[in-house]
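# Coordinate inspection notes
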Amino acid sequence: MRRLVGQPQQRRAPKGTAAVEQAATLGTMSTPARPIAYDAGLVPALKQDHNDLVALFDEIGSCARHDRFEEIPPLLTRFKMNFEAHLIAENVRFYNYVERALEGDSENTMLIRSFRREMNAIARGVVDFVKKYQLNAFDEASKSAFIDDYQAVGDLLAQRIQREEASLYPLYQPA
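These numbers come from a predicted model, not from an experiment.

### As for unusual backbone geometry
The phi angle of most residues is negative, glycine excepted, and most peptide bonds adopt the trans form. Positive phi is not limited to glycine here, since Asp67 has a value of about 55°. One can find Asp67 in the loop between helix H3 (42-65) and helix H4 (72-101). Taking relative accessible area as the criterion, Asp67 reaches 47% and is therefore assigned partly exposed.

What follows is the structure, encoded as structure tokens:
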């Protein structure tokens, strides 16, 4: 994972929600000693992350539809970990590079910052969703609430992924 986010091998990525929040602010605090280089494989890797996250999210939904709620908490934990790893890579490698490459392009810079802020809010919502359903047992009320929340989170993530891939990822070009 350190290689994915461009960190030196001796450093460890922070764990949990703080990792997402720290990664989100990396591009806004100070300029790193060395700029992030363009990587032709980054956008395909981020898109593959999207595919993997959607597949895992679909598996969670399948468990709910087949009343296998006992399988959901560990799948949610795995989803959260993969989601956070994706966000860290996106924040450290994608956003930092694009913001530097598009310096002086105020319209695209505002778009990028808007996407970044929106993703931070979505990330908090996903983490809250995962925490809420780390249950030892689901009763009928929690099953019903889970299905409603699952649908809402899924709709939000699907819209976000579509917008990222259509509007944001094309901005990642060699400088």
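### Quick word on the pattern of salt bridges
As enumerated under the stated definition, the model contains 10 salt bridges in all. When the shortest N-O distance is used, the salt bridge between Lys143 and Glu140 registers 3.6 Å. With a gap of 3 residues between them, Lys143 and Glu140 both fall in helix H6 (residues 140-168), about one helical turn apart. Residue classification places Lys143 among the buried positions, given a relative accessible area of 14%. What makes Glu140 exposed here is its relative accessible area of 60%. Its salt-bridge partner being Glu164, residue Arg160 comes within 2.9 Å of it at the nearest N-O pair. One end of the pair, Arg160, and the other, Glu164, are both in helix H6, 4 residues apart, so they sit about a helical turn from each other. Classification of Arg160 by relative accessible area gives buried; the value is 2%.

### Here's the deal with H6
With 29 residues, H6 extends 40 Å between its outermost C-alpha atoms, agreeing within 8% with the 42 Å of an ideal straight helix rising 1.5 Å per residue. The complete set of buried residues in H6 reads Ser142, Lys143, Phe146, Tyr150, Val153, Gly154, Leu157, Arg160, Ile161, Glu164 and Leu168. Tucked into the core, H6 has its buried residues touching H3, H4 and helix H5 (106-132). Between the side-chain oxygen of the N-cap and the backbone nitrogen of Ala141 there are 3.2 Å, and the N-cap of H6 in question is Asp139.

### Topic: the nonpolar core
Counting residues in hydrophobic clusters, the biggest one holds 25 residues, and the most contacted among them are Ile72, Phe79, Phe83, Phe129 and Phe146. Among the secondary structure elements, those contributing two or more residues to this core are H3, H4, H5 and H6. The residues touching Phe146, leaving out its near neighbours within four places in the chain, are Ile60, Ala64, Phe69, Ile72, Leu76, Phe129, Tyr133 and Phe138. Grouped together as the second largest cluster of nonpolar side chains are 15 residues, Leu42, Leu46, Ala89 and Tyr172 included.

### What to know about the packing of aromatic side chains
In this structure the tally under the stated criterion is 18 aromatic pairs. With 4.3 Å between their ring centres and 5° between their planes, Phe57 and Tyr150 make a pair best called stacked. Of this pair, Phe57 sits in helix H3 while Tyr150 sits in helix H6; the two residues are 93 residues apart in sequence, bridging distant segments of the chain. Judged by relative accessible area, Phe57 falls into the buried class, the value being 7%. Ring geometry for Phe146 against Tyr150: centres 5.9 Å apart, planes inclined by 25°, an arrangement best described as stacked. Residue Phe146 and its partner Tyr150 are located together in helix H6, separated by 4 residues, close to a single helical turn. Tyr150 carries the same exposure label as Phe146, and that label is buried. Through a chain of ring-to-ring contacts, three or more aromatic side chains come together here, namely Phe57, Phe69, Phe79, Phe83, Phe129, Tyr133, Phe138, Phe146 and Tyr150.

### Considerations on H3
An ideal rise of 1.5 Å per residue puts 34 Å on 24 residues; H3 measures up with 34 Å between its terminal C-alpha atoms. Listing the buried residues of H3 in full gives Leu42, Val43, Leu46, His50, Leu53, Leu56, Phe57, Ile60, Gly61, Ser62, Cys63 and Ala64. The elements touched by buried residues of H3 are H4, H5 and H6. Asp67 sits one or two residues past H3 and shows a positive phi near 55°.

Calculation criteria
Residues numbered from 1 in each chain as written. Predicted model: local features only at pLDDT ≥ 70, side-chain atom pairs only at ≥ 80, totals over all residues. Heavy atoms only, no water. Helix = DSSP H or I, 4+ residues; strand = E, 2+ residues; numbered from the N terminus. Buried < 20%, exposed > 50% of the residue type's maximum accessible area, 1.4 Å probe, protein only. Salt bridge = Lys/Arg side-chain N within 4 Å of Asp/Glu carboxyl O. Expected span 1.5 Å × (residues − 1). Contact = heavy atoms within 4.5 Å. Polar contact = N/O pair within 3.5 Å; in protein donor to acceptor, adjacent residues only side chain to side chain. Core = buried A, V, L, I, M, F, W, Y, C linked by side-chain atoms within 4.5 Å. Phe/Tyr/Trp six-rings, centres within 6.5 Å; stacked < 30°, edge-to-face > 60°.

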